[in-house]
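Listed here are the chains, written in short residue letters.
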Amino acid sequence: MTQEKSFKSRIWEFFQSLGKTFMFPVSLLAFMGLLGSSITSPSTIKSFPFLGGELTQLTFGFIAMVGGFAFTYLPVMFAIAIPLGMAKRNKAVGAYSGFIGYMLMNMSINYYLTVTHQLADTATMKQVGQSVVLGIQTLEMGVLGGIVAGVITYFLHERFQDTVLHDAFAFFSGIRFVPI
């Protein structure tokens, strides 16, 4: 009974920690959405005519456009934020490895789709559930893909950051081994 409770508490801690890491990308999303698009919306300009000036709209239109990256690259941000927030030490290596893990996941899917002749052309990509992510045609996984890559990277980071290799490969030991 004690082991089961211990397992449940570990699972609970993991999901609490995972939930906290979601705040990194979500907070940026909320800020970018509010700051840019809310001020450039026609209803806001109607309510506050002084915001309708050309320079004001140009400035906040630029902010809204730049802020759109948060929506476009949300899966990447989750893949980086999860190992960054959950790693107990060497957080920067975890974040770096999260990005590498996300890219390798998409490249592996692209390779599989290519060798099995399932890579769709541009016209039919959306219908078959494929998209281009950071220049790589892959399956459309959205935020879930980033979360999966981030969680897997976190576990690999925690498991392999202290790996010691033979002297011939000592350069690749420790934290350098994690992204490999």
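Values in this document were obtained by computation on a predicted structure and should not be read as measured data.

A.B. asks: Give me the lowdown on the packing of aromatic side chains, citing residues and values where you can.
C.D. replies: Counted according to the given criterion, the structure contains eight aromatic pairs. Residues Phe 14 and Phe 15 carry aromatic rings whose centres are separated by 5.2 Å and whose planes lie at 70° to one another, so their mutual orientation is edge-to-face. When the ring centre of Phe 171 is taken as reference, the NZ or CZ atom of Arg 176 above it lies at 4.2 Å.

A.B. asks: Provide a residue-level description of the pairing of strand 2 (residues 136-139), including the pertinent values.
C.D. replies: Where strand 1 (residues 130-133) lies against strand 2, four bridges are found, and the strand directions are antiparallel. Paired with Val 133 across the strands is Ile 136, a residue of strand 2. Taking the residues between adjacent antiparallel strands as the criterion, strand 1 and strand 2 are bridged by two residues, where Leu 134 takes a positive phi near 50°.

A.B. asks: Would you mind going over the nonpolar core in detail, with residue names and values included?
C.D. replies: Grouped together as the largest cluster of nonpolar side chains are 13 residues, with contacts concentrated most on Phe 14, Leu 18, Ile 82, Met 86 and Val 151. Only helix 1 (2-21), helix 2 (23-40), helix 5 (74-86) and helix 7 (142-160) provide two or more residues apiece to this core. Here this core takes five residues from helix 5, the largest share from any one element. Setting aside chain neighbours within four positions, we find Met 86 in contact with Phe 14, Ser 17, Leu 18, Thr 21 and Tyr 154. Counting 10 residues, the second largest nonpolar core, distinct from the first, contains Met 105, Val 133, Ile 136 and Ala 149.

About the criteria used
Residues numbered from 1 in each chain as written. Predicted model: local features only at pLDDT ≥ 70, side-chain atom pairs only at ≥ 80, totals over all residues. Heavy atoms only, no water. Phe/Tyr/Trp six-rings, centres within 6.5 Å; stacked < 30°, edge-to-face > 60°. Lys NZ or Arg CZ within 6 Å of the ring centre and 35° of its normal. Pairing = 2+ DSSP bridges. Helix = DSSP H or I, 4+ residues; strand = E, 2+ residues; numbered from the N terminus. Core = buried A, V, L, I, M, F, W, Y, C linked by side-chain atoms within 4.5 Å. Buried < 20%, exposed > 50% of the residue type's maximum accessible area, 1.4 Å probe, protein only. Contact = heavy atoms within 4.5 Å.

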